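Reading the structure
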Amino acid sequence: MLAFVVVHLLVALALVFVARRNTRAAFLVAAVPPAAALGWVLAKSGPVLSGQAVDEVVEWAPAIGLELAFRLDALGLLMTVLVAGIGALVLVYSAWYFHAGSGDARRSAPLLLTFAAAMLGLVLADDLITVYVFWELTTICSFLLVGQAGVSRESRRSAMQALMITSLGGLVMLLGFVVLGDTAGTFRISELVAHPPAGPQVAVAAVLILVGAFTKSAQIPFHNWLPAAMVAPTPISAYLHAASMVKAGVFLVARLAPVFVGVVQWWLPAVLFGLATMLVGGWRAMFETDLKKLLAYGTVSQLGFIMVLVGAGTPTAAMAGATMLLAHGMFKATLFLVVGIVDHNAGTRDVRELSGLGRAVPSLNAVAWLAAVSMAGLPPTLGFLGKEAAFTAYLRHEWVLAGLVVGSMLTVAYTARLLWGAFSTKPGVTPTEVKPVGPGLLLPTAVPAVVGLVLGVVYGVPDHLAAAYASQFGPTTYHLALWHGVNVVLVCTALALAGGALLHAVRFRLAAFRRDLPRPLDAQRGYERVMGLLERVAVGVTGRLQVGSLPTYVAIILLTVLAVPGSALLLNAGVPEDLRFVDNLLQVPLAIVVVVAAVAALRSHRRLTAILMVGVVGYGIGGLFIVDGGPDLALAQFLVETLTLVAFVFVLRRLPAHFSTGETTLRLPKMLLAAAAGTFIAFAALIFSSARQVPPVSHSYLARAEEGAGATNVVNSIIVDFRAFDTVGEISVLAVAATGVASLILASRFERRKRSSRATAVVRQEKQKEEVRD
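From a predicted model like this one, the values you see are computed outputs, not experimental measurements.

**Re a positive patch on the surface**
Side chains of R153, R156, R157 and K293 sit close together on the surface and give a patch of like positive charge. By residue number, the principal contributor to the positive patch is helix α8 (residues 153–184), which donates 3 residues. With respect to the helices and strands, R153 occurs in helix α8. You can call R153 exposed: its relative accessible area is 59%.

What follows is the structure, given as structure tokens:
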């Protein structure tokens, strides 16, 4: 499985060069890895659906327990079919959608394949940290694909909005992963499912993970980024915002639902927010005039529907959720690709301008109808099977069932609006001129729609797949079928269809009613206000803190130190009981030198004198390190002090020799602040150095130097073996300091030469003037 991800990435890298020569070939080559992945998972489907999951663990750093774990089970199989299958079709479609040689085409081919690799890794990952890594990779790819070249303000703003919302949600989700993994003692998902943890920490982890899932799957109140992202080219919207990325959130909820079975903090928010999202998304979709935005709000509504199902934690709801995941990927990808063809060949996707396309392009009309009837839940499609299962799952929860029926009415209504708006002949509207649709665009569009119909007729296949996933929640007697008899579920389906048709019939009255409604809450306006507030706060804080005064910066740093660690030290720490005046008599003269130099630095009037006294303080502290048995620390201290002195000397050459004697009003506060900071540092050093609770590590160094490092010199083994990272860090600090000093030296030389050349030029000009006068 890791090999497929790596191959995707390697081919994506090669596509950068292929796309420069032939963008169509680049898209066709890009479709090969997803197609191969699809073929592999289909070949493994038999054992996987029988309960024999395919596991793969690649040890990355076994000494510290880092590994990449993958697992192909029923849910992973379902999502791989969507990610790889739809991905391959979208890439083939893109070969004929983008203009040959265009910048968007050259950019999109490798990025789409990189995104496919990230999604493949995400759906196959069996480790929470691996999930997070691929999760954020999809976020980055989405940002690049939505933003494209970033030439328009709208694309930049939409890409940034998607990045901000989903990445912040990802960080919250990571915190939930850490809490969950720490509570369970493992980050392996299969082990979490086999042995779910318990306790209050699990509830906290559930809420944090749900926040991440809500942002990725555009649940209320984070849904606004998805319609805004419709500025991306249509193939990208079809892949990211219909079949793959937006499903990452509901997939994660489905993946972890067996871990949180019975946890109220998990299923209740999932059902409530999912239901609200379904209703709001469906309501907004009914009034959109842009076909892509109509589908985007429809996707928001469908994702809410799926969230209600996968978050419930019951076998029947899990079956319905898995079926709807598959069905939604099929019909929504088709509909996005259809809208792309309409926009590409007719030059518009505004329902107010389109008319007569149903007669002009009947083949495209037929494909759209095939996908639309699945979205509306009409038999014999896969969407119908999923919706019947959903109603069955909530038969004993009337308020949820009522919400699902109303949401399904809205789904039928905006499906009718989509077909009417795109393909009907509207009175008073000039018939739209449209180019013929070539097979390169039509065939990839038709395949998922046909598959959705076939899987509805041959319902045993999706039933086997959904049942394999639902078995994690316990046994169930429910099975997908086109006919379950005359029952409440059938009545709910009939109500949804009839109600949706009625809503579409009175759409103009509803639009007028909606215009008169107050709009106290608007997610997009709320996002813009929050971002505006953050910007104003950032500008205000920066304007007050970054005032261009070095004393102010030092004061802010010292006040922060006193407020945060200082208050903690004052409240919790005490004076050590075994406090001694000295450990070694040599400490006394060194301490006197340090104190005298510090007082001299404070009383000096010349800058150079003060710097020299500060250097004496540093050398004195280095001497204390030697007395206490830390020659390596002392060496580092001496080097740093020397370099610092050299750097200060070069800096002081540009400053007045004496300190300014300006305002004295702030002298007392500065003195108090300096005294408080010095007192804190002194007590912190005293308390931290006496807080040791384990034996000194030096004993271990002595015991392991020869055996562990093959060294007879303990100091050498400490520097280059046991504390090698410290040594590297110290060397880096010295390198940076040396670079700074060298830069100052070079800068001073350059300025001297510049002044010298100016002086020479002036003398030469004066001589020329004198010669002219003569």
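**Considering unusual backbone geometry**
A cis amide bond links I220 to the next residue, P221, at an omega of 10°. You can see P221 is positioned in the loop between α10 (200–216) and α11 (225–228). Each neighbour pair has its own omega, and for P379 with P380 the value is 5°, a cis peptide bond.

**Some details on a nonpolar patch on the surface**
On the surface, V264, W267, L268, L272, F273 and W399 cluster together to form a nonpolar patch covering roughly 520 Å² of accessible area. At 5 residues, the largest contribution of residues to the nonpolar patch is made by helix α14 (residues 264–285). Here W267 shows up in helix α14. Residue W267 is classed as partly exposed on the basis of its relative accessible area of 31%.

**What to know about the packing of α14 against helix α20 (residues 398–423)**
Between α14 and α20, whose axes approach to 8 Å, the crossing angle comes to 25°. What the angle tells us is that α14 and α20 run roughly parallel. Note that α14 runs across α20; the crossing there is left-handed. The residues of α20 that touch α14, namely those facing V271, L272, L275, M278, L279, G282, W283 and A285, are W399, V400, G403, L404, V406, G407, S408, L410, Y414 and R417. Of the residues belonging to the contact of α14 with α20, the class tally is 13 nonpolar, 4 polar and 1 charged.

**Description of the nonpolar core**
In terms of nonpolar packing, the biggest core is built from 183 residues, with L256, F260, W266 and Y394 touching the most fellow members. Take this core: its biggest share by element is 20 residues, from helix α16 (residues 315–346). Setting aside chain neighbours within four positions, we find F260 in contact with L180, V202, A206, I209 and W266.

**Thoughts on the packing of aromatic side chains**
A full pass over the atoms with the stated rule returns 13 aromatic pairs. With a centroid separation of 6.4 Å and an interplanar angle of 55°, the aromatic rings of F70 and F134 are classed as tilted. Residue F70 is located in strand β2 (residues 66–72), and its partner F134 is located in helix α7 (residues 128–147); the two are separated by 64 residues in the primary sequence. Among the residues examined, F70 registers a relative accessible area of 1% and is labelled buried. Note on F134: relative accessible area 10%, which makes it buried. Aromatic side chains Y97 and F98 sit 5.5 Å apart centroid to centroid with 85° between the ring planes, which places their arrangement in the edge-to-face category. Summarising the burial analysis for this pair, Y97 and F98 share the class buried. Counting every residue linked through ring pairs, the aromatic cluster contains F27, Y93, Y97 and F98. When the ring centre of W420 is taken as origin, the NZ or CZ atom of K426, which lies over that ring, is 5.1 Å away.

Basis of the calculations
Residue indices begin from 1 for each chain and proceed along its sequence in written order. Thresholds applied to this predicted model are a pLDDT of at least 70 for local features of residues and 80 or more for the giving and counting of side-chain atom pairs; totals over whole chains, interfaces and linings are not thresholded and use all residues. Working from all heavy atoms in the structure, the side-chain values ignore hydrogens and water. Only residues whose relative accessible area exceeds 30% and that form no salt bridge enter a patch; like-charged residues are grouped when within 9 Å of one another, and nonpolar side chains (Val, Leu, Ile, Met, Phe, Trp, Tyr) when within 5 Å. In these tables, accessible area is a Shrake-Rupley quantity obtained with a 1.4 Å probe, and a residue counts as shielded only by the protein chains included in the view. We define a salt bridge as a side-chain nitrogen of Lys or Arg found within 4 Å of a carboxyl oxygen belonging to Asp or Glu. The charge count treats Lys and Arg as positive and Asp and Glu as negative. His and the chain ends do not count. Every charge is mapped onto a representative atom, which is NZ of Lys, CZ of Arg, CG of Asp or CD of Glu. For the purposes of this entry, the term helix denotes a DSSP run of H or I that reaches at least four residues, the term strand denotes a run of E that reaches at least two, and both are numbered from the N terminus. Think of it in three bands: residues with accessible area under 20% of the maximum for their type are buried, residues over 50% are exposed, and the middle band is partly exposed, with areas taken using a 1.4 Å probe on protein chains only. Angles shown run from 0 to 180 degrees and are taken between the N-to-C directions of axes, each axis being a line fitted to C-alpha atoms and, for helices, limited to the stretch in contact. Just so you know how the angles are binned, under 35 degrees is roughly parallel, over 145 roughly antiparallel, 65 to 115 roughly perpendicular, and the rest oblique. In a left-handed crossing the near helix is turned counterclockwise from the far helix by less than a right angle, and in a right-handed crossing that turn is clockwise. Residues are treated as being in contact if the distance between any of their heavy atoms lies within 4.5 Å. Gly is put with the polar residues, along with every residue not named as nonpolar or charged; the nonpolar set is Ala, Val, Leu, Ile, Met, Phe, Trp, Tyr, Cys and Pro, and the charged set is Asp, Glu, Lys and Arg. Buried residues of nine kinds, namely Ala, Val, Leu, Ile, Met, Phe, Trp, Tyr and Cys, make up a nonpolar core once their side-chain atoms join them within 4.5 Å. Here a Phe, Tyr or Trp ring, Trp counted by its six-membered ring, pairs with any other such ring whose centre lies within 6.5 Å, and the pair is stacked when the planes are under 30 degrees apart, edge-to-face when over 60, and tilted otherwise. Whether a charge sits over a ring comes down to the Lys NZ or Arg CZ being within 6 Å of the ring centre and within 35 degrees of the ring normal.

Keep in mind these numbers describe shape, not what the thing actually does.
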